[in-house]
Amino acid sequence: MPTLTTGLQRLDIGQFRNIETARLVFSPGLNLITGPNAAGKTSLLEAVYCLGRVRSFRTAHPDQLIRHGQSAFRVVGHVGLADGRVIPVGIQRRPGAYDIHLEGRPLRRLSDLAGRFPVHLMTGDTANILNGGPRYRRQSLDWALFHVEHTYRDAWQRYARALRQRNAALRDHAPVALVTVWDSELVDAATLLDCLRRDYLEDLSGHVARELAALLPGKTFLIRYQPGWAKGLTLAEALEKSLERDRVRGYTQAGPHRADFAMLLDDRPAQADYSRGQQKTLLVGFLLGQAKLQHALEGPRGVFLLDDLASELDTEHQGRVLSGLAELETQVFVTAIDSRALDLATWPAHKRFHVEHGDIREVV
Ligand SMILES: Nc1ncnc2c1ncn2[C@@H]1O[C@H](COP(=O)(O)OP(=O)(O)OP(=O)(O)O)[C@@H](O)[C@H]1O
Ligand SMILES: [Mg+2]
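Report on the accompanying structure. (Residues numbered from 1 in each chain as written. Chains lettered and ligands numbered in written order. Predicted model: local features only at pLDDT ≥ 70, side-chain atom pairs only at ≥ 80, totals over all residues. Heavy atoms only, no water.)

## Details of the site of ligand 1
- Close to ligand 1 lie 16 residues; Ala-38, Lys-41, Thr-42, Ser-43 and Arg-58 are nearest.
- Contact distances for ligand 1 include 2.9 Å between an oxygen atom and a backbone N or O atom of Gly-40.
- Summarising the interface, the protein chains cover 73% of the accessible area of ligand 1, which totals 660 Å² for the free molecule. (Near = heavy atom within 4 Å. Polar contact = N/O pair within 3.5 Å; in protein donor to acceptor, adjacent residues only side chain to side chain. Areas by Shrake-Rupley, 256 points an atom, 1.4 Å probe, with all protein chains shown as cover.)

## Considering the pattern of salt bridges
- Under the definition given, this model contains 21 salt bridges.
- Asp-63 is paired through a salt bridge with Arg-93; the nearest N and O atoms lie 2.8 Å apart. Placement of the pair is Asp-63 in the loop between helix 1 (41-53) and strand 4 (73-80) and Arg-93 in strand 5 (residues 86-94), with a sequence separation of 30 residues.
- Judged by its relative accessible area of 33%, Asp-63 falls in the partly exposed class.
- Three or more residues joined by partner-sharing salt bridges are found here, namely Arg-17, Glu-46 and Arg-58. (Salt bridge = Lys/Arg side-chain N within 4 Å of Asp/Glu carboxyl O. Helix = DSSP H or I, 4+ residues; strand = E, 2+ residues; numbered from the N terminus. Buried < 20%, exposed > 50% of the residue type's maximum accessible area, 1.4 Å probe, protein only.)

## Here we look at the layout of surface pockets
- The calculated volume of the largest pocket comes to roughly 610 Å³.
- If you trace the largest pocket, you find 26 residues lining it, with Leu-121, Thr-123, Thr-126, Gln-139 and Trp-143 closest to the centre.
- Put simply, the parts of the chain that give the lining of the largest pocket at least two residues each are helix 1, strand 8 (119-123), helix 2 (127-131), helix 3 (134-148), helix 10 (276-298) and strand 12 (303-307).
- Examining the composition of the lining of the largest pocket, we find that 7 residues originate from one element, helix 3, more than from any other. (1 Å grid on protein atoms, 1.4 Å probe; cavity = no way out; pocket = protein on both sides within 12 Å on 5 of 7 lines; lining within 4 Å. Points joined across faces, edges and corners; volume = space filled by probe spheres on them.)

## Observations regarding a positive patch on the surface
- There is a patch of like positive charges on the surface, built from Lys-241, Arg-245, Arg-249 and Arg-258.
- Tracing the sequence through the fold places Arg-245 in helix 8 (residues 243-249).
- Taking relative accessible area as the criterion, Arg-245 reaches 48% and is therefore assigned partly exposed. (Patch = residues over 30% accessible without salt bridge, like charges linked within 9 Å, V, L, I, M, F, W, Y side chains within 5 Å. Lys, Arg positive; Asp, Glu negative; His and termini not counted. Charge placed at Lys NZ, Arg CZ, Asp CG, Glu CD.)

## Focus on the pairing of strand 9 (residues 221-226)
- With burial as the criterion, only one face of strand 9 is covered, namely that bearing Phe-221, Ile-223 and Tyr-225; the residues Leu-222, Arg-224 and Gln-226 on the opposite face remain uncovered.
- Alignment of strand 9 against strand 10 (residues 260-265), held across 6 bridges, turns out to be antiparallel. Within strand 10, the residue paired with Arg-224 across the bridge is Ala-262. (Pairing = 2+ DSSP bridges.)

## A word on the packing of aromatic side chains
- Tallied over the full model, the rule gives 7 aromatic pairs.
- With centroids separated by 4.8 Å and ring planes inclined at 90 degrees, the aromatic side chains of Phe-26 and Phe-333 adopt a geometry described as edge-to-face. In this pair, Phe-26 is assigned in the loop between strand 2 (19-25) and strand 3 (30-34) and Phe-333 in strand 13 (residues 331-336), connecting sequence segments 307 residues apart.
- Overall, Phe-26 belongs to the buried group, its relative accessible area being 5%.
- A relative accessible area of 0% places Phe-333 in the buried class.
- Look at Phe-26 and Phe-353: their rings are 5.4 Å apart centre to centre, the planes differ by 70 degrees, and that puts the pair in the edge-to-face class. Here Phe-26 is found in the loop between strand 2 and strand 3, whereas its partner Phe-353 is found in strand 14 (residues 350-356), with 327 residues between them in sequence. Summarising the burial analysis for this pair, Phe-26 and Phe-353 share the class buried.
- A network of ring pairs unites the aromatic residues Phe-26, Phe-333 and Phe-353 as a single cluster.
- The residue whose ring lies beneath Arg-55 is Trp-143, and the NZ or CZ to ring-centre distance is 4.8 Å. (Phe/Tyr/Trp six-rings, centres within 6.5 Å; stacked < 30°, edge-to-face > 60°. Lys NZ or Arg CZ within 6 Å of the ring centre and 35° of its normal.)

Keep in mind these values describe shape, not function.
What follows is the structure, given as structure tokens:
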């Protein structure tokens, strides 16, 4: 593997969750973080994630990230860019406000940070995409697209606002005109969401199918997208058709807020028809396909955070995810309770860290 200059080279943490202080120098390849339950493994990944995305993957309330009894947290990273430069990125949270510094200068808009240091997260929860309800699949779509398509976020916010207003009118038994007045805005934003989701899922389907060609030879894989309204109708037609039922029920039944997708192996739904073992393999293919698509969309600077994959995947399947990621020649952080469970053979460049009670040390 060539020596990587991209990714997170160093990280200083202060007062983040249960981590009082940490000064870490990472491998450009694999970084394995071990330690018992509640040691602070996920918190370390959360600090890295926060540096890239300026939010947590565990809470919508950033003040919860500040170590109990403290007034602020600080995370400072040295990030290697594709052009060979290394830039310092710093993020500090006081109750109610973020301060972000890029190359020593304060950033006014969070969007200025976007794309400098993309982080991608994989967790054991990903199994919900296969076995959970539609909201998990919509969430995974939204997360993926928020990061790569700015127009998606705008359209999503416009759609959510129009839907809220339309539903409020339905709930209040308002006259029909006060309900349908939202339809053109709804349809407009929905068309963009639908189009971006459709394109993304088509790409994803191809990427996952390529991964599975090796993992489940002989089986065809396809993602079938369901936009959230009846086949053969435009959304405008579907809204018109369900207007009376919407008024009885008090909410809008058709639209991208009801979208879903199904994963089909040999044309049969993976959830219903396949064994646990095959589903795990499918999950590996899905995670790798998604990773490779994200890598293709956001460039080679991104890092991957793998938290607690052991909760859904056994050693063999985790090993497949790791060796698949090794092909991307990107930086990876992976947590595990038992360090012996993972085979690091595919990663010539790696480092191990051990965490206990928020104290992180490199294992040499
Ligand atoms: N703001 C905070 N201040 C101090 N401690 C916190 C804060 N938020 C969470 N903690 C504690 O930090 C500890 C570490 O949690 P973390 O989820 O990082 O552990 P972990 O090593 O990932 O454990 P597991 O193996 O169970 O997933 C937990 O005991 C948690 O209660
Ligand atoms: Mg954890």
